[in-house]
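Results of the structural survey
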Amino acid sequence: MDVVKQVRSKLESREMFNPESMSALNEKLKLKRNSLSCFSFTKKRELDLTISALTYLLDKNQNKN
């Protein structure tokens, strides 16, 4: 849950805590993850955690509405 809090905090500080911005960022991060070399384990893990946190926040936001 710490990752979710960090991602939420960064999104709020950059005024990106809305479904459109989060969806766009999520897609960009997925593309970036897929373009990394197979030896970038640490970076891929970081991106996986961030993508998971964004997906969680998007799902949570959609369930509110």
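This text gives an overview of the structure that appears in the document. Since we're looking at a predicted model, the values are computed, not measured.

This paragraph deals with the nonpolar core. Counting residues in each nonpolar core, the largest one holds 11 residues, listed as Val4, Val7, Leu11, Met22, Leu29, Leu47, Ile51, Ala53, Leu54, Leu57 and Leu58. Where this core is concerned, the elements lending two or more residues are helix H1 (2–13), helix H2 (19–35) and helix H3 (41–64). With 6 residues, H3 is the largest single contributor of residues to this core. With residues up to four places along the chain from it excluded, the contact list for Leu29 reads Leu47, Thr50, Ile51 and Leu54.

Between its terminal C-alpha atoms H2 stretches 24 Å, which fits the 24 Å expected from 17 residues at 1.5 Å a residue. Buried within H2 are the following residues: Met22, Asn26 and Leu29. Considered in projection along H2, the buried side chains sweep an arc of 70° and stay on one side of the axis. H2 presents Glu20, Lys28, Leu31, Asn34 and Ser35 as exposed residues on the side facing more than 90 degrees away from its buried surface. The secondary structure elements touched by the buried residues of H2 are H1 and H3.

Conventions adopted
Residues numbered from 1 in each chain as written. Predicted model: local features only at pLDDT ≥ 70, side-chain atom pairs only at ≥ 80, totals over all residues. Heavy atoms only, no water. Core = buried A, V, L, I, M, F, W, Y, C linked by side-chain atoms within 4.5 Å. Buried < 20%, exposed > 50% of the residue type's maximum accessible area, 1.4 Å probe, protein only. Helix = DSSP H or I, 4+ residues; strand = E, 2+ residues; numbered from the N terminus. Contact = heavy atoms within 4.5 Å. Expected span 1.5 Å × (residues − 1). Arc of directions from axis to C-beta.

These results come straight from atomic positions and should not be treated as a statement about function.
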